There are 2 protein chains.
Amino acid sequence: MPRPDADLADMVVRECGRRWPQGATQPPGRLLRPMLVLESAMAVGGDPVRILPAAVGFECSHVGGLVHEEIIHRSGGPADAIVAANALLFEWFRALSECVDRGVPPERVTEAMRIQASTGIDSCRGTELELASTLHSGLDGYLRMARLKTAAPLAAACRVGAVLSGASPEQTNALAEFGDALGLAYQIREDIRTYERNVEAVTRDGRGDVQVRRLSLPVLIAHDSACPRDRARIERLLTTRSTPDRLPELVEIVRRSGACGTAIRMAEQYAAHARTVLTALPPSGHRVRLAGMTSAMNATIPLRRHVDG
Amino acid sequence: MPRPDADLADMVVRECGRRWPQGATQPPGRLLRPMLVLESAMAVGGDPVRILPAAVGFECSHVGGLVHEEIIHRSGGPADAIVAANALLFEWFRALSECVDRGVPPERVTEAMRIQASTGIDSCRGTELELASTLHSGLDGYLRMARLKTAAPLAAACRVGAVLSGASPEQTNALAEFGDALGLAYQIREDIRTYERNVEAVTRDGRGDVQVRRLSLPVLIAHDSACPRDRARIERLLTTRSTPDRLPELVEIVRRSGACGTAIRMAEQYAAHARTVLTALPPSGHRVRLAGMTSAMNATIPLRRHVDG
């Protein structure tokens, strides 16, 4: 008969296998932390099966930390920034925990935690899709990417607000759908901005190359609708290594194609959908302001008071 | 009278100011996400004061994501790794949320979330201290760093296991103290390994330079107790940019100083303390195995079964 601790390790190994399927980026490590969780729990009479997810979660965070450390030590580069960013991601959850102190029922907070964590993972997947995106990703690929990377966090913001408030499932889903549509409208408008702004301004702020490298909707639409010669030019511009003058050429092709008009209409459709789903909520000033966010994305927050005193 | 939404924004700005004191790495962004949380909450009758921490948490994660994105786009380097690491950090919390499905009372899960998030932040602070550490950090500086970076996650693993199991505060604290002492013993032994292993092996695995660059306890002790000439040599070796042959010289000085013996005695003291605090728990096989982890850190998990079939 296997020793009890070997049984526990076996349970942890199987759970890790379930969560890290083959081909995943990182294998689990030495499993010290999950074993500490489980042994500590059982030392005070806990049920290891109930606690297993939390135990395996510790391995996730541990391996994540190791990867970051490897990056830090190898590149010697933006170590402080990576560390500071991590601290902020953790702060996401520490802040949420304070809602309990403020009287939110714990079962709502745990549901919110689940939403936050899933959204964080979705957002990472969206970034992975973005890094892998090409002109052949197509509109579906673009929307899948934008939904995960940009819309999911906004949908989650709405959903968490609703869940922590004890909203009905209908209201919660309406708010999440609002956030999703808002996020897509927002991402598309953001994409368009590069091609609407003065080229010199984009180049000057040092983000021009980033804007070009990232596959954006206007480029995708322009590529789809362009004549063979322009298609070839777009492909060449996106695959060439960074050159200072490829942005003006790309902007010129995109503007000429009328792609921004098509993209603006798509953004408006998402914004309109966002306003429509809000009608599932009772009328209120808050509903009005949520609806207002669909048209005034760049002036959402009235910070003027703080500037004026 | 200010508009209600301006009041909300004001509340968010003040909360951000409280959490991101001056001198912090990142200022808050446009506050879109916190406003979405609060407006969504109030659209269904929620109390914004109760939900404020969760709202501001969304800004933390947002800014954290922006920083990572900046790193990714600027360095063009290990983007996939950074993204994968983030997904794992989020998985920490998603996994924890599954404990609710398995019958752990939500109030215990929220307490565990708080512990996890605080520990994540502590660990980041430990890494920051490590990046900033010098020979002048002294033993206190070393222990503060090791405690935050290495011991805090182990203490949290124990604490979370206890909390999710409904342990008494005394048992919970004993387990956390155990994890802390275990973590310090572990870090010190890890530090010593570089100076006990065959120099060629350390150099060959490509980690030699990392081991040297990181301020470790044996070097600190050797520096404290060395003759003026060796002190100067240690200082020169640690401040020089990477050279392939500085590791053998450092190893030679450290070995000659007897610093490893002093460090081993420190590790043993922490391990002994860890075993002592465990006596606050009822006797069990789990307590025995926890105690066993203090002496057999490199053979914690009986994975042999999986290899043997």
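Everything numeric in this text was worked out from a predicted model, so none of it was measured. (Residues numbered from 1 in each chain as written. Chains lettered and ligands numbered in written order. Predicted model: local features only at pLDDT ≥ 70, side-chain atom pairs only at ≥ 80, totals over all residues. Heavy atoms only, no water.)

Focus: the overall build of chain A
Rule in force here: To qualify as a helix, a DSSP run of H or I must reach at least 4 residues; to qualify as a strand, a run of E must reach at least 2; elements of each kind are numbered from the N terminus. Burial classes: relative accessible area under 20% of the type maximum marks a residue as buried, over 50% as exposed, and values in between as partly exposed (1.4 Å probe, protein chains only). Every residue pair with non-hydrogen atoms within 4.5 Å of one another is taken to be in contact. A 1.4 Å probe and the Shrake-Rupley method give the accessible areas. Residues count as covered only by the protein chains that appear here.
For chain A, the helix and strand inventory stands at 15 helices and zero strands. Buried positions account for 55% of the 309 residues belonging to chain A. Taking the intrachain contacts of chain A between residues at least 6 apart in sequence as the baseline, contacts between residues at least 24 apart amount to 67%. Of the roughly 13,100 Å² that chain A leaves accessible, carbon and sulfur atoms contribute 52%.

A word on the relation of the copies chain B and chain A
Applied cut-off: The least-squares superposition of copies is restricted to C-alpha atoms, and to residues with a pLDDT of at least 70 in both copies.
For the match of chain B to chain A, the screw axis carries a shift of 0.0 Å, the RMSD comes to 0.1 Å, and the turn is 180 degrees. Such a turn and shift between the copies fits a two-fold axis. Within chain B, the C-alpha atom positioned nearest to the axis of rotation is that of Pro106(B), 2.6 Å from it.

Quick notes on the pattern of salt bridges
Side chains carrying opposite charge are able to pair once their charged atoms draw close together. So the rule is basically this: One speaks of a salt bridge when a side-chain nitrogen belonging to Lys or Arg is within 4 Å of a carboxyl oxygen belonging to Asp or Glu.
One pass over the structure, following the stated rule, counts 34 salt bridges over all chains. Linking Arg233(A) and Glu249(A) is a salt bridge whose minimum nitrogen-to-oxygen distance equals 3.2 Å. Of this pair, Arg233(A) sits in helix α11 (residues 228–239) while Glu249(A) is found in helix α12 (residues 246–257), placing the two residues 16 residues apart along the sequence. Judged by relative accessible area, which is 23%, Glu249(A) ranks as partly exposed. Among the salt bridges present, the one from Arg193(B) reaches Glu190(B), with a minimum N-O distance of 3.5 Å. Linking Arg193(B) with Glu190(B), this pair stays in helix α7 (residues 169–196), spanning three residues, or about one helical turn. Take Glu190(B): its relative accessible area is 27%, and that puts it in the partly exposed class. One network of salt bridges, with partners in common, ties together Asp230(A), Arg233(A), Arg236(A), Glu249(A), Glu252(A) and Arg256(A).

What to know about the nonpolar core
Threshold: The set of buried Ala, Val, Leu, Ile, Met, Phe, Trp, Tyr and Cys residues whose side-chain atoms join them within 4.5 Å is what this entry labels a nonpolar core. For each domain, the first and last residues come from an automatic or database assignment.
Ranked by size, the top nonpolar core spans 111 residues in total, and within it Leu36(A), Leu164(A), Leu36(B) and Leu164(B) carry the most contacts. Each of domain 1 (1–68) and domain 2 (109–300) of chain A gives at least three residues to this core. Not counting the four nearest positions on each side in its chain, Leu164(A) is found in contact with Leu96(A), Cys99(A), Val104(A), Arg108(A), Val109(A), Ala112(A), Ile51(B) and Ala54(B).

A short note on the packing of aromatic side chains
Test applied: Pairing of aromatic rings covers Phe, Tyr and Trp, the last counted by its six-membered ring, and requires centre-to-centre distances within 6.5 Å; plane angles under 30 degrees mean stacked, over 60 mean edge-to-face, and any other angle means tilted.
Summed over the entire model, instances satisfying the criterion amount to seven aromatic pairs over all chains. Ring centres of Phe90(A) and Trp92(B) lie 5.7 Å apart, and the angle between their planes is 90 degrees; this geometry places the pair in the edge-to-face category. Highlighted residues: Phe90(A) in helix α4 (residues 79–101) and Trp92(B) in helix α4 (residues 79–101), drawn from two different chains. Of the residues examined, Trp92(B) reaches a relative accessible area of 3% and is grouped as buried. Considering the side-chain rings of Phe90(A) and Phe93(B), the 6.4 Å spacing of their centres and the 55 degrees angle between planes classify their relative orientation as tilted. With one member in each of two chains, Phe90(A) in helix α4 and Phe93(B) in helix α4 form a pair that bridges those chains. Both residues of the pair, Phe90(A) and Phe93(B), count as buried. These aromatic residues form a ring-pair network of at least three members: Phe90(A), Trp92(A), Phe93(A), Phe90(B), Trp92(B) and Phe93(B).

Notes on the interface of chain B and chain A
Put simply, the test is: Each of two parts loses accessible area, computed with a 1.4 Å probe, when they are put together; buried area is these two losses added. Think of a polar contact as two N or O atoms within 3.5 Å of one another; within protein, one of them needs to be a possible hydrogen donor and the other a possible acceptor, and neighboring residues in sequence only count if both atoms come from side chains. Think of it as three bins: nonpolar holds Ala, Val, Leu, Ile, Met, Phe, Trp, Tyr, Cys and Pro, charged holds Asp, Glu, Lys and Arg, and polar takes everything else, Gly as well.
With 127 residues of chain B at the contact, the number on the chain A side is 127 residues. Both faces combined, the contact of chain B with chain A buries some 11,300 Å², and carbon together with sulfur accounts for 70% of it. Summed over the shared surface of chain B and chain A, the result is four salt bridges. Here Glu39(A) ties to Arg289(B) by a salt bridge, and the two come within 2.9 Å at their closest N and O atoms. Our enumeration of links across chain B and chain A arrives at 12 residue pairs in polar contact (both at pLDDT 80 or more). At 23 residues, the largest contribution of residues to the side of chain B that touches chain A is made by α4(B). For the side of chain B that touches chain A, the class distribution of residues is 73 nonpolar, 26 polar and 28 charged.

Remarks on helix α14 (residues 285–293) of chain B
Operational definition: The directions from the helix axis to the C-beta atoms form the arc being described.
Buried residues of α14(B): His286(B), Leu290(B), Ala291(B) and Met293(B), and no others. Axial view of α14(B): buried residues confined to an arc of 155 degrees, hence all on one face. The inward-facing, buried residues of α14(B) contact α2 (32–43) of chain A together with α7 and α13 (259–277) of chain B. The backbone nitrogen of His286(B) has a side-chain oxygen 3.2 Å away, supplied by the residue at the start of α14(B), namely Ser284(B).

Comments concerning the side chain of Gln171(B)
With respect to the helices and strands, Gln171(B) occurs in helix α7. In contact with Gln171(B), not counting residues within four places along its chain, are Val44(A), Leu281(B) and Pro282(B).

Focus on the packing of α7(B) against α13(B)
All names here are of chain B. Worth spelling out the cut-off: Helix axes are fitted to C-alpha atoms over the stretch in contact, other axes to C-alpha atoms as well, and angles between N-to-C directions run from 0 to 180 degrees. Oblique is the label for any angle not covered by the other classes, which are roughly parallel (under 35 degrees), roughly antiparallel (over 145) and roughly perpendicular (65 to 115). For any helix crossing, the convention is left-handed if the near helix is rotated counterclockwise from the far helix by under a right angle, and right-handed if that rotation is clockwise.
Direction vectors running N to C along α7 and α13 enclose 160 degrees, while the axes themselves pass 8 Å from each other. By the angle between their directions, the pair α7 and α13 is classed as roughly antiparallel. Every pair of crossing elements has a handedness; the one defined by α7 and α13 is left-handed. Of α13, the residues touching α7 (which contributes Ala-174, Glu-177, Phe-178, Ala-181, Leu-182, Leu-184, Ala-185, Ile-188, Arg-189, Ile-192, Tyr-195 and Glu-196) are Cys-260, Ala-263, Ile-264, Met-266, Ala-267, Glu-268, Tyr-270, Ala-271, His-273, Ala-274 and Val-277. Residue composition of the contact of α7 with α13, grouped by class: 18 nonpolar, one polar and four charged.

Digging into the environment of Ala95(B)
Looking at the secondary structure, you find Ala95(B) in helix α4. The class of Ala95(B) is buried, set by a relative accessible area of 0%. When near neighbours in sequence (up to four residues on either side) are disregarded, Ala95(B) contacts Arg19(A), Pro53(A), Ala54(A) and Gly57(A).

Some words on α13(B)
All names here are of chain B. Let me state the cut-off plainly: Multiplying one less than the number of residues by 1.5 Å gives the expected span of a helix.
Relative to the 27 Å expected for 19 residues at 1.5 Å per residue, α13 spans 28 Å between its end C-alpha atoms, a close match to the ideal helical length. Regarding α13, the residues found buried are Ala-259, Cys-260, Ala-263, Met-266, Ala-267, Tyr-270, Ala-271, Ala-274 and Val-277. Buried residues of α13, seen end-on, are gathered within an arc of 135 degrees and therefore sit on one face of the element. Those residues of α13 that are exposed and aimed more than 90 degrees away from the buried face are Arg-265 and Gln-269. Turning to α13, the residues buried within the fold contact α6 (138–164), α7, α10 (217–225) and α12 (246–257).

Some remarks on the packing of helix α5 (residues 106–132) of chain B against α6(B)
To describe two helices that pack against each other, one gives the angle between their axes and the distance between the axes. At a minimum axis separation of 7 Å, α5(B) and α6(B) run at an interaxial angle of 170 degrees. When the axes of α5(B) and α6(B) are compared, the pair comes out roughly antiparallel.

Here we look at the side chain of Ser216(A)
Relative to the elements of secondary structure, Ser216(A) occurs in the loop between α9 (208–213) and α10 (217–225). Other than its neighbours up to four places away in sequence, Ser216(A) contacts Tyr142(A), Asp191(A) and Tyr195(A).

Focus: the confidence of the model for chain A
Residue and element names in this part refer to chain A. Definition in use: Values of pLDDT, ranging from 0 to 100, describe the predictor's confidence in every residue of the model.
In this model, chain A carries an average pLDDT of 80, and 80% of its residues clear a pLDDT of 70 or more. Low confidence marks residues 22–26, where pLDDT is under 50. Its contacts with residues over four positions away, or in another chain, come to five contacts. Counted against residues more than four places away or in other chains, residues 297–309, with its pLDDT under 50, gives 26 contacts.

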